[in-house]
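Structural characterization, general
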Amino acid sequence: MSHSSASPPRATSAGPHSATGAAARIVLITGAARRIGRALALGFAEAGWDVAVHCGRSRAEAETLVAQIVALGRRAVTLQADLALETEVAQLVPACIAALGRPVCLINNASRFTEDNARDIRYTPLLQMMAINLGAPLVLARALFDATPDAAIDDETQRSVVLNVLDQKLFNLNPDYLSYTLTKAALQTATVALAQALAPKVRVVGLAPGLTLPSGAQTEAAFAAAHRVTPLGRASRAEDLVAAALYLAGAGGVTGTTLVVDGGQHLVPLERDVMFLTGG
């Protein structure tokens, strides 16, 4: 069952594991209903995590995903919120706690992705992307810090982790998708600043995928061609990102850094975004 921000959510269905038991590990993933977020949610569930599935407009997909996670024997809940609205974002961590328990991992996966460049950039889309791609992760990180007990200062087992999904293009810049790129660059900087500010209770790390799934009107042939423009002959796959995210979630000695998982895509200098160089 989906839940709007207007009413306290509850788990769609309960699995065999207690939210308060020592074995319970809970992850809150934004934009989890589709694409990479969905892969992360299923991957974490298969690894033994309970999952809070955030969605914006993709309620039906989120509910289907929750049912799949429950079928795996884990607990899950759908949490719906508009990430452009701070009041709704601020309720996500408390809603997760009410439904499943305290999340020990927050994955800021959701992002707005709109094409623009230096010649047509405008305030409105830039600020909309900034709210969702940067503002929401900041507010959620603060909420996770507030929910993490002070005992975590001395007890590493009580600590939490924020994982910000970034983009390989930050390490190989081109001028396309300018507003989006600027918001992700800001989030990369925030990853370092938050790691400094929230330690030792909360670790903050980044994960930078390469081209993973077809985007927009990109054809399968164009996607396949773009995927091959890498030293490894293929960019990132969903299973690569799941493995990397699970590693970062459990890597107690890692904070303030970004893991680039892209088949080496960032090592190939391109004047334009790879989507434009392979037929769109």
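Read on for an overview of the structure. Worth saying up front: this structure is predicted, and the values here are computed from it rather than measured.

1. What to know about the packing of aromatic side chains
Counted by the stated rule, this structure contains three aromatic pairs. Through pairs of rings, three or more aromatic residues link up here, namely Phe 113, Tyr 177 and Tyr 180. Geometry around Phe 145 places Lys 201 over its ring, the cationic atom sitting 4.1 Å from the centre.

2. Side note on the pairing of strand 3 (residues 76-80)
On a regular strand, each side chain points to the face opposite its neighbour's, so the side chains alternate between the two faces of the sheet. Summarising burial for strand 3: five of the five residues are buried, a large majority. Burial of strand 3 is two-sided: the residues Ala 76, Thr 78 and Gln 80 facing one way and the residues Val 77 and Leu 79 facing the other way are all buried. Examined bridge by bridge, strand 2 (residues 50-55) and strand 3 share five bridges and lie parallel to one another. Bridging across to strand 3, His 54 finds its partner in Leu 79. In terms of handedness, the path from strand 2 via helix 2 (residues 59-71) over to strand 3 forms a crossover that is right-handed.

3. Examining the sheet that holds strand 3
With parallel pairing, seven strands are arranged side by side in an open sheet as 3-2-1-4-5-6-7. Looking at which strands have only one partner, the edges of the open sheet turn out to be strand 3 and strand 7 (258-261). Each adjacent strand pair in this sheet contributes to an overall mean axis angle of 20°, direction not counted. With four bridges connecting them, strand 4 (residues 105-108) and strand 5 (residues 160-165) associate as parallel partners. The residue bridging Leu 106 from the neighbouring strand is Val 162, located in strand 5.

4. Here we look at the environment of Val 77
Within the fold, Val 77 resides in strand 3. Considered as a pair, Val 77 and Ala 99 are 22 residues apart in the sequence and their alpha carbons are 7.0 Å apart.

5. Some details on helix 4 (residues 92-99)
For helix 4, the complete set of buried residues consists of Leu 92, Val 93, Ala 95, Cys 96 and Ala 99. Seen along its axis, helix 4 keeps its buried residues to an arc of 160°; they face one direction. Of the surrounding elements, those touching the buried residues of helix 4 are strand 1 (26-29), strand 2, strand 3, helix 3 (86-89) and helix 5 (123-147). Downstream of helix 4 by one or two residues, Gly 101 has phi in the positive range, about 125°.

6. Side note on the pattern of salt bridges
It is possible for side chains of opposite charge to pair when their charged atoms get near one another. Tallied over the entire structure, the rule returns five salt bridges. Residues Arg 142 and Glu 86 are paired through a salt bridge, measuring 3.9 Å at the closest nitrogen-oxygen approach. Taken together, the residues span a long stretch of sequence, with Arg 142 in helix 5 and Glu 86 in helix 3 at a distance of 56 residues. With a relative accessible area of 44%, Arg 142 lands in the partly exposed category. Overlapping salt bridges, with partners in common, bring together Asp 50, Arg 74 and Arg 75 in one network.

7. Details of the nonpolar core
By size, the foremost hydrophobic cluster in this structure holds 37 residues, and its most contacted members are Ile 69 and Ile 107. Counting residues per element, the ones that place at least two in this core are strand 1, helix 1 (35-46), strand 2, helix 2, strand 4, strand 5, strand 6 (202-209) and helix 8 (238-250). Contacts of Ile 107, omitting those with residues within four sequence positions, involve Val 27, Leu 28, Ile 29, Thr 30, Leu 40, Phe 44, Leu 163 and Val 165. Residues Leu 28, Leu 83, Leu 198 and Val 204 belong to the second largest nonpolar core, which totals 35 residues.

Rules and cut-offs
Residues numbered from 1 in each chain as written. Predicted model: local features only at pLDDT ≥ 70, side-chain atom pairs only at ≥ 80, totals over all residues. Heavy atoms only, no water. Phe/Tyr/Trp six-rings, centres within 6.5 Å; stacked < 30°, edge-to-face > 60°. Lys NZ or Arg CZ within 6 Å of the ring centre and 35° of its normal. Buried < 20%, exposed > 50% of the residue type's maximum accessible area, 1.4 Å probe, protein only. Helix = DSSP H or I, 4+ residues; strand = E, 2+ residues; numbered from the N terminus. Pairing = 2+ DSSP bridges. Right-handed = clockwise from strand over helix to strand, strands pointing away. Axes fitted to C-alpha atoms, helices over the stretch in contact; angles between N-to-C directions. Arc of directions from axis to C-beta. Contact = heavy atoms within 4.5 Å. Salt bridge = Lys/Arg side-chain N within 4 Å of Asp/Glu carboxyl O. Core = buried A, V, L, I, M, F, W, Y, C linked by side-chain atoms within 4.5 Å.

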